Amino acid sequence: MSDRGVPPTEEVDLQALRRRRFRIISRGCALALACLLVQFLHARTPQLSGIVLGLLCALVVSMLLEKQGRLSLAVYCLVSIMTGSIFGFMYFSEGVHDFALVVFPLILVIGSLLLDLRAFIALLAVIAAGTLAMTGLEMSGSGPVQVARAGTGTMMDIVLVLGVTAVATWTMARDWQDAINKAVREAANAKAAQADFAHLATHDPLTGLPNRTHARTAIDAALAELAAQPAGEARLAILFLDLDNFKQINDSLGHLVGDELLKAVAVRLADTIGPDDFCCRFGGDEFLLLVPRITDMDALRRRLLALVAAIGQPFQIAGNAVHSSVSIGVSVAPDNSSQFDHLLQMADTALYAAKDAGPGSYWFFDIEMKAAVAEQLTIRNGLLNALERQELSLHFQPKVDCFRRKLTGVEALLRWNSPLLGSIPPVKFIPVAETSGLIVAIGAWVIEEACRQGLQWQASGLAFGRIAVNLSAMQFRGGDLAQQVAGILERTGFPATRLELELTESILLGDAENVRATCIALRRLGVRLSIDDFGTGYSSLSYLRRFPVDVLKIDRSFLSEITQSPADLAIVGAIVRMSHDLGLEVVAEGVETEPVASLLGEIECDQMQGYLFARPMPAAAFVAWAEAAGLAAPSAIALAQPRGAPN
Ligand code: C2E
Ligand code: MG
Ligand code: MG
C-alpha cells in the first residue's frame, strides 16, 4: 500500500481514490451479504447464516476502520475476511463444486483495485493454494461429496456475485476513464504551452512581429528558393530599417511613448508590405524587411520611397502627433551575396551610408562599401598579431605653455607600421581596434609603453612635463581600468602625477556611473584627466561638473578659422573663460600658425599643441627636438606648472 516516490499531492489524490473505491465496494458487499443472510435464514441453514452474519460483522468492522482513517487495515480486513469465508462456504457445502468459487474472480478484481502489487500476489497465492488444497481433499475422498442441484437460491447467488463484480469493474473502468481524460487534458495543455513558447521564441513581445531568430529561418528559406531558380531570373532584397530620431523621442517623451511608437511603426510596416514580404523587429528601433521574388528593381525603389513616406507621416500617440522618419540600408541577393550573414552586414553598412545622407534616406549597398568592409577586415586581421609582432609604436607630440612657449607635456600617439599594409593612420585602425575589442589590450600596452618611456626620459634628465595617453570607451567597460593603471604605475615606477589620461566626450556619455567611478579612482591615484576633442560631441557642460576632470582640450576644428571667424573666436574665448571659472586648464589642439598661437595667448588659453611647434615624432626625434629647443639640460628647464595641478 505504500506509494513511495510519488509526490505528496498525487499521494493524497491516490489515497482519496482508494478510499472512494473501498466505500463503493464495501457497500456493494454489505448489500450482497444482507441479501445472502435473508436467503440463508429463509432456507433455514443456520451454519451458512452464521458465516454470513459473521462476515457482515467483519465488514462493518473494516468499514469503521476506514472511517478512522486506517484504510490499509480496513482493506486487508475486507479482503481476508471475504477470502476466508468463501473457503468456509466451500468447505461446509460442495467444495470445488460450490458456487462460491466464482466469488474468487470478484475478490481478485477488488484486490486489484485496493491492494498494492505484493499484497495482490499474496492474495492470488492464497486463493490458488486454498482451491488446490480443496481439490486435493476431494480427490483423496475426504472432501464434501454431495453436489446440490441448482435452485432459486443459486440464481440469487449468481445475481449477487454478478452485481458486486459489476460495481467493482465499473469503478475500475470509471477510474481509468478519469485518468485517461486527465491525461488527454494535460497533453492538450502541454501542447498549447509548447505553442506559446515557440511563438515567444520567434516573436517580439512588444510589436508581435517575428524576431531576428525567425528572420534567419525565413530569409534562409527565401535564399534557398532563389538559388533553385535559373540565374538572373529573380532577386531578393534585404531592407535594414532604423528610425532616425528614436533615441530623442525616448529621452524626451519617455519609454512608454517610445514603445507605442515602435508598435505603431510595426503596424504601418505590416500594412505597407506585400503578401510575399517578411517583416521582423530586429532589435531596438531596427526592423528588417525581406522582399523576395523581385523582377523589377524600379518597383523596389518605388517600394522604398513608399516605406519612407509611410513612416514619415506623423503618428498619433496618446493624443500627440509624434514625428519620425526611417533610414533604410538595402542589400540584394544574389548581386551582393547569397548568404544571410553577408547580406545582413551589407544592408547594415548601407544603412550607415543612408544615415550619413540624412533622415528618411535609403541606400543600396555598393561595391565601394564592399571594399571598405574588406579593408576593415584586413585591418582587423593585421591588428590581431600587431602587438606580439611589435609592429606598434608611440609617437610623441609636445604641448607648450601659451605665454612662455615652454614644454609642459607630451601626448603619446599610437602608430602602426604593418609589414603587409604599410603605415596605417590611427583614424583608420583605432575604430577597428575598438569594434573588435582589441583596443583593450592595445590600450593597456600604450599606457605601459608611455610610462616606460617617461621614466627613461626622467632618468636621463629630460624635463618633458607630463605624458598624456588617449583612452577609448571600451577600456572603461571592464570596470578595472583604475586597477590596471595602478598596476602599470607600480610595475614601471612612473609617478602617477606625471600621467594624464585623455577621454573623449563619447566615453562620458556611455555608462556614466561606471565611468564616473573609474575617473574618481584614477584621480585618487594622482593621475590627471582631460577631455579630448571638446566641441565635437555634445559639448555638454554638465559633465564638466559631474566628472572630476582637470583639463579641457579644444578640438582643432574651432582653431583653423579662429583668426577670420569672430564666431569661432567668441566660442573659444567663452570655453576658456568657463573652464577657468570651473578651475580647469585649457589646451588648444591643432595650432598650425603663429597668428592663431598669438590669439590664443591673448584670450588666455593655457597650453597649445600643433604642427606649429612639432608634429608627433618618435621618441628619439622628440629628444632631439627638445635638445634643439634647449630643453634637454634639466637645470635649464623650469617645468611649467599648470594652475591647480598636483605636483
Ligand atoms: P587626438 O587624441 O585628438 O590626437 C591629436 C591628433 O591631431 C593626432 O592625430 C595629431 O597628429 C593631430 N594633430 C596634432 N597637431 C595637429 C595640427 O596642427 N594639425 C593637424 N591637422 N593635426 C594635428 P593622430 O596621431 O593621427 O591621432 C588621431 C586620433 O587617434 C587621436 O586624436 C586619438 O583620438 C586617436 N589615438 C591616437 N593614439 C591613440 C591611442 O593610443 N589610443 C586611443 N584610444 N586613441 C588614440
Ligand atoms: Mg588626444
Ligand atoms: Mg584631440
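See above for the structure.
Quantities reported herein were computed from a predicted structural model and do not represent experimental measurements.

Caption draft 1: The arrangement of the coordination of the magnesium ion (ligand 3) in detail. Distances from the magnesium ion (ligand 3) to its protein donors, Asp532 (OD), Asp533 (OD), Glu589 (OE) and Glu589 (OE), fall within 2.0 to 2.6 Å. Spacing between the donor residues of the magnesium ion (ligand 3) along the chain follows D-D-x55-E. The metal-metal distance between the magnesium ion (ligand 3) and the magnesium ion (ligand 2) comes to 3.9 Å, with Asp532 coordinating both. Of this pair, Asp532 sits in strand 13 (residues 528-534) while Glu589 sits in the loop between strand 15 (585-588) and helix 21 (594-602), placing them 57 residues apart in sequence. Overall, Glu589 belongs to the buried group, its relative accessible area being 10%.

Caption draft 2: Structural detail: the side chain of Arg498. With respect to the helices and strands, the residue Arg498 is situated in the loop between helix 16 (481-492) and strand 12 (499-504). Although Arg498 is buried, it forms no salt bridge, and the closest oppositely charged side chain is Glu500 at an N-O distance of 11 Å. Among the polar contacts listed, one links the side chain of Arg498 to the side chain of Gln458, at a separation of 3.0 Å.

Caption draft 3: Geometry of the pattern of salt bridges. Within this structure, the stated rule accounts for 26 salt bridges. For Asp276, the salt bridge identified is with Arg293, shortest N-O distance 3.0 Å. Here the residue Asp276 occupies a position in the loop between helix 9 (255-272) and strand 2 (278-283), and Arg293 occupies one in strand 3 (residues 286-294), the gap between them amounting to 17 residues. The exposure class assigned to Asp276 is partly exposed, which follows from its relative accessible area of 42%. Accessibility expressed as a relative area gives 44% for Arg293, which makes it partly exposed. Of the charged contacts, one joins Arg528 and Glu585 as a salt bridge, the two residues approaching to 3.1 Å between their closest N and O atoms. Here the residue Arg528 occupies a position in strand 13, and Glu585 occupies one in strand 15, the gap between them amounting to 57 residues. Owing to a relative accessible area of 3%, Arg528 belongs among the buried residues under this scheme. Exposure remark for Glu585: the relative accessible area of 2% places this residue in the buried category. Linked through salt bridges whose partners overlap, the residues forming this network are Lys399, Glu411, Glu500, Glu502, Arg528, Lys553, Glu585 and Glu589.

Caption draft 4: How the structure looks around the site of ligand 1. Every one of the 22 residues lining ligand 1 counts as a neighbour, but Arg415, Asn470, Asp532, Glu592 and Tyr611 are closest to it. Side-chain polar atom of Asp532 to an oxygen atom of ligand 1: 2.8 Å apart, as the coordinates give it. A distance of 2.9 Å is found between an oxygen atom of ligand 1 and a side-chain nitrogen or oxygen belonging to Arg556. Against a free-state accessible area of 790 Å², the protein chains account for coverage of 85% of ligand 1. At a threshold of 2 Å from the grid points, most atoms of ligand 1 map onto the largest pocket. Counting residues per element, the ones that place at least two in the shell around ligand 1 are strand 9 (407-418), helix 13 (426-436) and strand 13.

Caption draft 5: How the structure looks around the coordination of the magnesium ion (ligand 2). Those protein atoms acting as donors to the magnesium ion (ligand 2) are Glu411 (OE), Asn470 (OD1), Glu502 (OE) and Asp532 (OD), and they sit at 2.0 to 2.2 Å. Spacing between the donor residues of the magnesium ion (ligand 2) along the chain follows E-x58-N-x31-E-x29-D.

Caption draft 6: The arrangement of the layout of surface pockets in detail. Here the largest pocket defines a volume of roughly 1,000 Å³. What lines the largest pocket is a set of 35 residues, among which Glu411, Leu413, Pro426, Asn470 and Asp532 lie closest to the centre. Counting only elements with at least two residues in the lining of the largest pocket, the list comes to strand 9, helix 13, helix 14 (439-460), strand 12 and strand 13. The residue makeup of the lining of the largest pocket, split by class, is 15 nonpolar, 10 polar and 10 charged.

Caption draft 7: Up close: the pairing of strand 1 (residues 235-243). Across the 9 residues of strand 1, 8 count as buried, placing the element largely inside the fold. Where strand 1 lies against strand 3, 7 bridges are found, and the strand directions are antiparallel. Residue pairing for strand 3: Asp242 is matched across the bridge by Glu286.

Caption draft 8: Representation of empty space enclosed by the protein in the model. Inspection of the entire model under this criterion finds 3 cavities of 30 Å³ or more. There is about 70 Å³ of room inside the largest cavity. Along its surface, the largest cavity is lined by 10 residues, and Thr408, Gly409, Arg466, Glu500 and Gln607 are the ones closest to its centre. Elements supplying a minimum of two residues to the lining of the largest cavity: strand 9 and strand 11 (466-470). Here the lining of the largest cavity takes 3 residues from strand 9, the largest share from any one element. Partitioning the lining of the largest cavity into residue classes produces 3 nonpolar, 3 polar and 4 charged. Looking at the second largest cavity, the residues that line it are Ala222, Glu225, Leu226, Gln229, Ala234, Arg235, Leu236, Pro292 and Arg293. Within the residue set of the lining of the second largest cavity, elements represented by two or more residues are helix 7 (212-227), strand 1 and strand 3. With 3 residues, helix 7 is the single largest residue contributor to the lining of the second largest cavity. Its residues assigned to classes, the lining of the second largest cavity shows 5 nonpolar, 1 polar and 3 charged.

Caption draft 9: Region of the structure containing the sheet that holds strand 6 (residues 326-333). With respect to topology, 5 strands assemble into an open sheet ordered 2-3-1-6-7, the strand pairing being mixed. Two strands in the sheet have a free side with no partner beyond their single neighbour: strand 2 and strand 7 (362-364). For this sheet the average axis-to-axis angle between neighbouring strands, irrespective of direction, equals 20 degrees. Taken together, the 3 bridges between strand 6 and strand 7 define a ladder with parallel strand orientation. Following the sheet pairing, Val330 is matched in strand 7 by Phe364.

Caption draft 10: Quick peek at the packing of aromatic side chains. Applying the stated criterion across every chain, the model contains 9 aromatic pairs. Between Trp416 and Phe429, the ring centres sit 5.8 Å apart and the planes meet at 80 degrees, which makes this aromatic pair edge-to-face. With Trp416 in strand 9 and Phe429 in helix 13, this residue pair connects regions lying 13 residues apart in the sequence. Here Arg615 stacks its cationic end above the ring of Tyr611, 3.8 Å away from the centre of that ring.

Caption draft 11: Representation of the pairing of strand 2. Of all 6 residues making up strand 2, 5 are buried, and the element is well covered by its neighbours. The turn linking strand 2 back onto strand 3 is made up of 2 residues, and Gly284 within it adopts a positive phi angle of 50 degrees.

Caption draft 12: Geometry of the packing of helix 4 (residues 103-114) against helix 5 (residues 117-139). Where helix 4 contacts helix 5, the axes come no closer than 9 Å and their chain directions differ by 170 degrees. Judged on the interaxial angle alone, helix 5 and helix 4 are roughly antiparallel. For the crossing formed where helix 4 meets helix 5, the hand is right-handed. Here Phe104, Ile107, Leu108, Gly111 and Ser112 of helix 4 lie close against helix 5, whose contacting residues are Phe120, Leu123, Leu124, Ile127 and Thr131.

Rules behind the numbers
- Residues numbered from 1 in each chain as written.
- Chains lettered and ligands numbered in written order.
- Predicted model: local features only at pLDDT ≥ 70, side-chain atom pairs only at ≥ 80, totals over all residues.
- Heavy atoms only, no water.
- Donors = N, O, S within 2.8 Å, 3.2 Å for Na, K, Ca; no water.
- Helix = DSSP H or I, 4+ residues; strand = E, 2+ residues; numbered from the N terminus.
- Buried < 20%, exposed > 50% of the residue type's maximum accessible area, 1.4 Å probe, protein only.
- Lys, Arg positive; Asp, Glu negative; His and termini not counted.
- Salt bridge = Lys/Arg side-chain N within 4 Å of Asp/Glu carboxyl O.
- Polar contact = N/O pair within 3.5 Å; in protein donor to acceptor, adjacent residues only side chain to side chain.
- Near = heavy atom within 4 Å.
- Areas by Shrake-Rupley, 256 points an atom, 1.4 Å probe, with all protein chains shown as cover.
- 1 Å grid on protein atoms, 1.4 Å probe; cavity = no way out; pocket = protein on both sides within 12 Å on 5 of 7 lines; lining within 4 Å.
- Sits in = over half its atoms within 2 Å of the grid points.
- Points joined across faces, edges and corners; volume = space filled by probe spheres on them.
- Nonpolar A, V, L, I, M, F, W, Y, C, P; charged D, E, K, R; others polar.
- Pairing = 2+ DSSP bridges.
- Axes fitted to C-alpha atoms, helices over the stretch in contact; angles between N-to-C directions.
- Phe/Tyr/Trp six-rings, centres within 6.5 Å; stacked < 30°, edge-to-face > 60°.
- Lys NZ or Arg CZ within 6 Å of the ring centre and 35° of its normal.
- Parallel < 35°, antiparallel > 145°, perpendicular 65-115°, else oblique.
- Left-handed = near helix turned anticlockwise from the far one by under 90°.
- Contact = heavy atoms within 4.5 Å.

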